Amino acid sequence: MNKKVLSFLPAMLLAVFLLPALFTIFQQTNVAHAANFTVNIFDDEADGICDSSCSIRDAILAASNNLESDSITIPAGTYTLSSTLGALTVTESLIFNGNSAVDTIIDAQGVSGVFNVTAGTATFNNLTIQGGDTAGSGGGINATGGGSLILNSTVITGNNATSNGGGIAFTNGSLTLNNSQIISNTAGSSGGGIFSNNGAIAFTNSQVLTNTAVGNGGGIAVNLAGASLIMNSGQIQDNTANTTSGFPGGGIYVAQGSATIHDGEISGNAARRGGGILVSSGSLIVNGGQIINNEAAYGGGIYARNANATVTINDGLISQNRSIDPVLFGGGGLYIFQGQITMNGGQLSQNTALNDGGGLEIGDPVGRFVQTGGEIFSNSAGNIGGAIHNSQ
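This structure is a prediction, so every number in the text was calculated from the model and none was measured.

1. Quick word on the environment of I261
At step 1: Structurally, the position occupied by I261 is in strand 28 (residues 258–261).
At step 2: Not counting residues within four places of it along the chain, the set of residues in contact with I261 comprises M231, I252, I266, L284, I285, V286, N287 and G288.

See below:
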């Protein structure tokens, strides 16, 4: 009996050590690893197999089956989307790597949007997205749900949306722009270049140029309370909000959200009210940079609309902005309707109004201007108040 027990012990010990090892091996065989898929055709097809004939759409479909944060390499060339397959849909985190924005181009040819991102984070490196046209939002990229976007050295240009975000629209996620350009996109409603419904925009060394909105925010529209813009450097330049009524904002429109300008230049933008920036019911903090050479009927540089609109100027230059209405109101640099502007630092200089308030006009008894620091000089008006005019 003892001999049988002794002979059984080695087998038991072997099993104790082997079973966990075998279990680990079997586990490892089922682990999916991030993969890279390389596009090798310029045309659009959707068999979902990335083989000797692998389109961008094929690569996206193959990556979606892998359940990992994969990458797609897109060599130099122009890749056109099919008129029947619609926008490229991204359903998980995915990285798109082009050769450069100059020679790696994804073109929807005006038949659909270019990208729909429904979940995860889509990262676009070194490419151009163009020619999108959608009856909804986000002509170039439309990120819905919690989808987030990162653009590195990427250009979004020549896209159109009949609703919001001619170039880019996103709902609740985030948008990070690094060394990228949003150029010459159009929106039938708000956000000619970019529309953030309720998400955060981080903006570094990038440009939003020559975009147009029929409604609000020729360059960028920041909508709900959770939407925000942080501008660290770069330019928001020559954007236009075309509506001839309302409170549109040429460069930036802040509805209920917030914008913070640390550095960079906001210039050459135009709108009926708020040529550079219009704050409707949200907040704006200016810590630096330049708001220069913008134009509006009222509030060439910055317009503060409602009683809960707040603008805080801690530093920076607000200069050479223009109010071009010769009859009603003015505010070449700043216009306060019912909001509040607090000036703690910076310069308000060389702004002009054809009518009143070359530097600043307050147009309603609710509006308030508080100055604790900074300088106001060399502003001019065609009528009353070269520096400041309180029409109430």
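Additional details are given in the paragraphs that follow.
2. So, unusual backbone geometry
Residues other than glycine predominantly adopt negative phi, and peptide bonds predominantly adopt the trans conformation.
At step 1: For N126, which is not glycine, the phi torsion reads 60 degrees and is therefore positive.
At step 2: Locating N126 in the fold gives a position in the loop between strand 8 (121–125) and strand 9 (128–130).
At step 3: Not every positive phi belongs to a glycine, and S184 is a case in point at roughly 55 degrees.
At step 4: Turning to its location among the elements, S184 is positioned in the loop between strand 17 (181–183) and strand 18 (186–187).

3. Re the state of the cysteines
At step 1: Evaluation of the coordinates by the stated rule reveals 1 disulfide.
At step 2: One disulfide bridge connects C50 with C54, the sulfur atoms lying 2.0 Å from each other. On the sign convention where negative is left-handed, the bridge of C50 and C54, at about -90 degrees about the S-S bond, is left-handed.

4. Some points on the sheet that holds strand 43 (residues 360–362)
At step 1: The 12 strands are arranged 4-7-11-15-19-23-27-31-35-39-43-47 in an open sheet whose pairing can be described as parallel. Every other strand in the sheet has two partners, leaving strand 4 (88–90) and strand 47 (388–390) as the edge strands with one partner each. The sheet shows a mean angle of 10 degrees between the axes of neighbouring strands, taken without regard to direction.
At step 2: Pairing of strand 27 (residues 252–254) with strand 31 (residues 277–279), which is carried by 3 bridges, proceeds in the parallel orientation.

5. As for empty space enclosed by the protein
At step 1: Counting across every chain of the model gives 1 cavity of 30 Å³ or more.
At step 2: Within this model, the largest cavity holds a volume of roughly 40 Å³.
At step 3: If you go around the largest cavity, the residues you meet are F42, D43, D44, S55, I56, R57, Y79, T80, L81 and L88.
At step 4: Looking at the lining of the largest cavity, the elements with two or more residues in it are helix 2 (56–64) and strand 3 (77–80).

Rules used throughout
Residues numbered from 1 in each chain as written. Predicted model: local features only at pLDDT ≥ 70, side-chain atom pairs only at ≥ 80, totals over all residues. Heavy atoms only, no water. Helix = DSSP H or I, 4+ residues; strand = E, 2+ residues; numbered from the N terminus. Contact = heavy atoms within 4.5 Å. Disulfide = S-S within 2.5 Å. Pairing = 2+ DSSP bridges. Axes fitted to C-alpha atoms, helices over the stretch in contact; angles between N-to-C directions. 1 Å grid on protein atoms, 1.4 Å probe; cavity = no way out; pocket = protein on both sides within 12 Å on 5 of 7 lines; lining within 4 Å. Points joined across faces, edges and corners; volume = space filled by probe spheres on them.

From the geometry alone we can't say anything about function, so treat these as descriptive.
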